[in-house]
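Chain and residue survey
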Amino acid sequence: MNSDMGRRDWMKITGLAAGALATGTLLSEENQIGAQETQGEKEKVKNGKAEEIVFEQKLPVRYDVDLFIAGGGPAGTAAAFAARSLGASVFLAEGHTCLGGMGTAGRVPVFMQVSDGVNFLCGGFGRRVLDVLQKEKSLKGPATDIEALKRTYDYLLTRVDTNFTFYTQLIAVHTTNGHIDYVVCASPSGNFAVRAKTYIDATGNGDLATWAGAESRKGDPEGNMMPGSLCTLWGGIDFDRWKKNRPKMPQPDGFRLKEAFAAGVFTIQDEHLTGMHPLGDSFAGGNIGHVFDVDGTDEKSMTKALLWGRKSMKEYTRYYREYIEGFQNVQLLDTGSLLGIRETRRIVGDYILSIDDYKNRAIFDDEIGRYAYPIDIHPKKTGADTYEQHRKEFDKEYKYKKGESYGIPYRTLTPKGFDNLLVAGRCISSDHLVHGSVRVMPACFITGQAAGMAAVLAVQKNQSVHKIDIVELQKKLKEFGAFLPNFKPGA
């Protein structure tokens, strides 16, 4: 049930919170940094560790619910909708100003493939999203109007009376022996606690799970992560002129990038130009330029990346105006309010989805969906043939035929060592390569709705999320509209 406990039920939390500090969930090695110069100021450091203080505060328990969800991106939104469809009480905390995450605030309104060429793969919540967008007549190929996508998420969650708030950041997690007791959120009205029976981490970065103490991995075996991109909106484009003069050669030669490099247009010679997606008669969304060596779990790294991303758009404006037909009058209208991050933490679950599973078109007994997006790994550095490296992975080495897909097992959603925690979205348990496929919106719908329903089953049966009846989950997902061709009830 939802309840604002007010003064009747206050929780004592120490050390932002001290209880969390005692279990080691808030001060990770990433935060134990050495002295660094920042605008003439040094962090207080003693013996190689940041100096610590104890901060103590009594907090109201504003929500006491069946399910708490951290993050309102496609995975979190799908989880909330699915859980509400089964009658669970839900509170979803979204730190930004809208639902949708990278697809809205991040200015990447491109669904990637929702089908394997034969079957619709993100049935359930994904079908509902696309049906609403179709009614708005906002779909243009794989892209959609960003404002229409925001309204669609708003409509779907309010239609099922979901309790959620914007401007609400998860800031602490309290656990006892692998059980999450409560989380702490910060909002304009002050800090507060949320107590739930189950928790879903849909932050993308795996923040809730990591702060609770779950094991996670980043990047490739050497820890290198894909670059980010600051996505953009552009106007003043003559698409008719562009179509008549569309380059026949692939990047970088066909798009005259090498000419621009020689002319000194770019500070960083990035051969991989993802491009623009038309959003209207003269408007486009730009997924152009990379921010290299960015860590989406480090605020200093993110700040540096955003500063460079905004600055670099002046160079891309010049490039498009001078080198690409139809873009002579192009104008930058907006940069994303979220930096486009492709990769951060992957939480280690009961099963790690692997590249062998992808290659083998794997089928699992505990399958909660199937997907087919190619392995999309953006090169981690500039240099010769970076674009060709990407095309080889995306279009050649890992390309599926029509009707082919791989299964996503439920066990990728259940972090090891926690009885009431699930993950959904790009932080599910996978290896680095498969992450390049499962990180996009349709897959987030698939894992999100499964996590939402699984959480409700765990609450209804008073079970660990590791012990729920998989057949019952699959049956409910099937009824919800999920694509589960290998589900054989009673087999």
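Just above sits the structure.
Residues numbered from 1 in each chain as written. Predicted model: local features only at pLDDT ≥ 70, side-chain atom pairs only at ≥ 80, totals over all residues. Heavy atoms only, no water.

Digging into the pattern of salt bridges
Proximity of charged atoms lets side chains of opposite charge pair with each other. Tallied over the entire structure, the rule returns 19 salt bridges. Ionic pairing is found between Lys218 and Asp295, a salt bridge with its closest N-O pair at 3.0 Å. One end of the pair, Lys218, is in strand E14 (residues 216-218); the other, Asp295, is in the loop between strand E17 (284-286) and helix H8 (299-323), with 77 residues separating them in the sequence. Here Lys218 falls in the partly exposed class, since its relative accessible area comes to 21%. Looking at Asp295, the relative accessible area reads 17%, which means it is buried. (Salt bridge = Lys/Arg side-chain N within 4 Å of Asp/Glu carboxyl O. Helix = DSSP H or I, 4+ residues; strand = E, 2+ residues; numbered from the N terminus. Buried < 20%, exposed > 50% of the residue type's maximum accessible area, 1.4 Å probe, protein only.)

Considering the packing of aromatic side chains
The final tally for this structure, using the stated rule, is 24 aromatic pairs. With a centroid separation of 6.1 Å and 50° between ring planes, the pair formed by Phe81 and Phe480 is classed as tilted. Of the two residues, Phe81 is situated in helix H2 (residues 74-85) and Phe480 in helix H13 (residues 470-480); the sequence distance between them amounts to 399 residues. A residue is classified by how much of its surface remains accessible, and Phe81, at 2% relative accessible area, is buried. We classify Phe480 as buried; its relative accessible area is 7%. (Phe/Tyr/Trp six-rings, centres within 6.5 Å; stacked < 30°, edge-to-face > 60°.)

Focus on the sheet that holds strand E18 (residues 331-335)
What the 4 strands build is an open sheet, ordered E16-E17-E15-E18; its pairing is antiparallel. Each edge of the open sheet carries a strand with a single partner, namely strand E16 (276-278) and E18. Strand after strand, the sheet turns through a mean of 30° between neighbouring axes, direction not considered. Note: strand E15 (residues 232-235) against E18, 4 bridges, orientation antiparallel. Along E18, the bridge assignment pairs Gly235 with Gln331. Sheet strands touched by H8: E15, E16 and E18. Its angle to E18, the strand with the most contacts, is close to 150°. (Pairing = 2+ DSSP bridges. Axes fitted to C-alpha atoms, helices over the stretch in contact; angles between N-to-C directions. Contact = heavy atoms within 4.5 Å.)

Observations concerning the pairing of strand E13 (residues 192-201)
When you tally the buried positions in E13, you get 8 out of 10 residues, the bulk of the element. Here strand E6 (residues 56-70) pairs with E13 via 8 bridges, running parallel. Bridging across to E13, Ala70 finds its partner in Asp201. Note that strand E12 (residues 179-186) and E13 share 3 bridges and pair antiparallel. Among the inter-strand pairings, Val184 is bridged to a residue of E13, identified as Ala193. Across 3 bridges, the pairing between E13 and strand E22 (residues 421-423) is parallel. The residue bridging Ile200 from the neighbouring strand is Leu422, located in E22.

Things to note about the side chain of Thr162
If you trace the backbone, Thr162 turns up in the loop between helix H4 (146-159) and strand E10 (163-165). In this structure Thr162 comes out as buried when scored by relative accessible area, which is 8%. Ignoring sequence-local partners within four residues, the contact set of Thr162 consists of Ala80, Arg84, Val90 and Leu157.

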